[in-house]
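# Geometric and topological summary
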Amino acid sequence: MKAQPEPQIALPLSSSPPALPTAPMSQYPPGSDLKEALDGSSPGSSPEANTEDDKTEEDVPRPRSYLWLTLVSCFCPAYPINIVALVFSVMSQNSYNEGDYEGARRLGRNAKWVAIASIIIGLVIITISCVVHFTRK
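Please read these numbers as outputs of a predicted model, since none were measured by experiment. (Residues numbered from 1 in each chain as written. Predicted model: local features only at pLDDT ≥ 70, side-chain atom pairs only at ≥ 80, totals over all residues. Heavy atoms only, no water.)

### Here's the deal with helix α3 (residues 79-98)
- Spanning 20 residues, α3 covers 29 Å between terminal C-alpha atoms, matching the ideal 28 Å at 1.5 Å per step.
- Residues of α3 that are buried: Asn 82, Ala 85, Ser 89, Ser 92, Ser 95 and Tyr 96. The arc that holds every buried residue of α3, seen down its axis, measures 135 degrees, which confines them to one face. Residues of α3 that are exposed and point more than 90 degrees away from the buried face comprise Pro 80, Asn 97 and Glu 98.
- Those residues of α3 hidden inside the fold are in contact with α2 (67-73) and α4 (101-135). (Helix = DSSP H or I, 4+ residues; strand = E, 2+ residues; numbered from the N terminus. Expected span 1.5 Å × (residues − 1). Buried < 20%, exposed > 50% of the residue type's maximum accessible area, 1.4 Å probe, protein only. Arc of directions from axis to C-beta. Contact = heavy atoms within 4.5 Å.)

Laid out in structure tokens, this is it:
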């Protein structure tokens, strides 16, 4: 016996994609000025938002992460050490952004000392390789 082919169902082809919901992406109406609302500079803002006497988390000075020093240390030939310094520096910035100010200061200090050690080790390696290269016949 021959197998009979299954009948094919024709689906309507449309050139336009299906309609998407038209809900707004924001909870605020499109005409509202969000910057004024966030800054508190609008005339109806609360007086508690503009107090200058209170110290907030924004007033805490950013601790040094020594990113520039760790980037300079990446040019020295002590690769595992200078990459660790770079990671400490980036972790310091991330800790500050998360609100951990003491952790950011500690990680920045670690980044500084590891970068200095990397630069010193790199200079020693460069010196030894130059001495070996130029003293051979």
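Having seen the model, we can carry on.
### Points about α4
- In this model α4 runs 51 Å from its N-terminal to its C-terminal C-alpha over 35 residues, within 8% of the 51 Å that 1.5 Å per residue would give.
- For α4, the elements touching its buried residues are α2 and α3.
- Two to three positions downstream of the cap, the backbone nitrogen of Gly 103 sits 3.1 Å from a side-chain oxygen, assigning the N-cap of α4 to Asp 100. (Polar contact = N/O pair within 3.5 Å; in protein donor to acceptor, adjacent residues only side chain to side chain.)

### With respect to the side chain of Ser 73
- Of note, Ser 73 is situated in helix α2.
- We classify Ser 73 as buried; its relative accessible area is 0%.

### Let's talk about the packing of α3 against α4
- One way to put it is that α3 packs onto α4 with a least axis distance of 8 Å and a crossing angle of 160 degrees. Comparing their axes, α4 and α3 come out roughly antiparallel. Helix-helix and strand crossings are classified by hand; for α3 and α4 the assignment is left-handed. Of the residues in α4, those touching α3 at Ile 81, Asn 82, Val 84, Ala 85, Phe 88, Ser 89, Met 91, Ser 92, Ser 95 and Tyr 96 are Tyr 101, Gly 103, Ala 104, Leu 107, Gly 108, Asn 110, Ala 111, Val 114, Ala 115, Ser 118 and Ile 121.
- Grouping the constituent residues of the contact of α3 with α4 by class yields 13 nonpolar, eight polar and no charged. (Axes fitted to C-alpha atoms, helices over the stretch in contact; angles between N-to-C directions. Parallel < 35°, antiparallel > 145°, perpendicular 65-115°, else oblique. Left-handed = near helix turned anticlockwise from the far one by under 90°. Nonpolar A, V, L, I, M, F, W, Y, C, P; charged D, E, K, R; others polar.)

### Digging into the environment of Leu 67
- Secondary-structure assignment places Leu 67 in helix α2.
- It is 5.6 Å that separates the C-alpha atoms of Leu 67 and Ser 89, two residues lying 22 residues apart in sequence.
- Dropping the residues within four chain positions of it, Leu 67 is found in contact with Leu 86, Ser 89 and Gln 93.

### Focus on the nonpolar core
- In terms of nonpolar packing, the biggest core is built from seven residues, these being Tyr 66, Leu 69, Cys 76, Ala 85, Val 114, Ala 115 and Ile 119.
- With three residues, the single largest contributor to this core is α4.
- If we ignore the near neighbours within four places in the chain, the residues touching Leu 69 are Lys 112, Ala 115, Ile 116 and Ile 119. (Core = buried A, V, L, I, M, F, W, Y, C linked by side-chain atoms within 4.5 Å.)

### Structural notes on the environment of Pro 80
- Here Pro 80 shows up in helix α3.
- Here the alpha-carbon distance between Pro 80 and Ser 118, two residues 38 residues apart in the chain, equals 8.8 Å.

### Describing the side chain of Ser 118
- One can find Ser 118 in helix α4.
- When its relative accessible area of 0% is taken as the criterion, Ser 118 is described as buried.
- Once residues lying within four places of it in the same chain are set aside, the contact partners of Ser 118 are Ser 73, Cys 76, Ala 78, Ile 81 and Asn 82.

Note that every value here comes from positions in space, so none of it alone points to a role or purpose.
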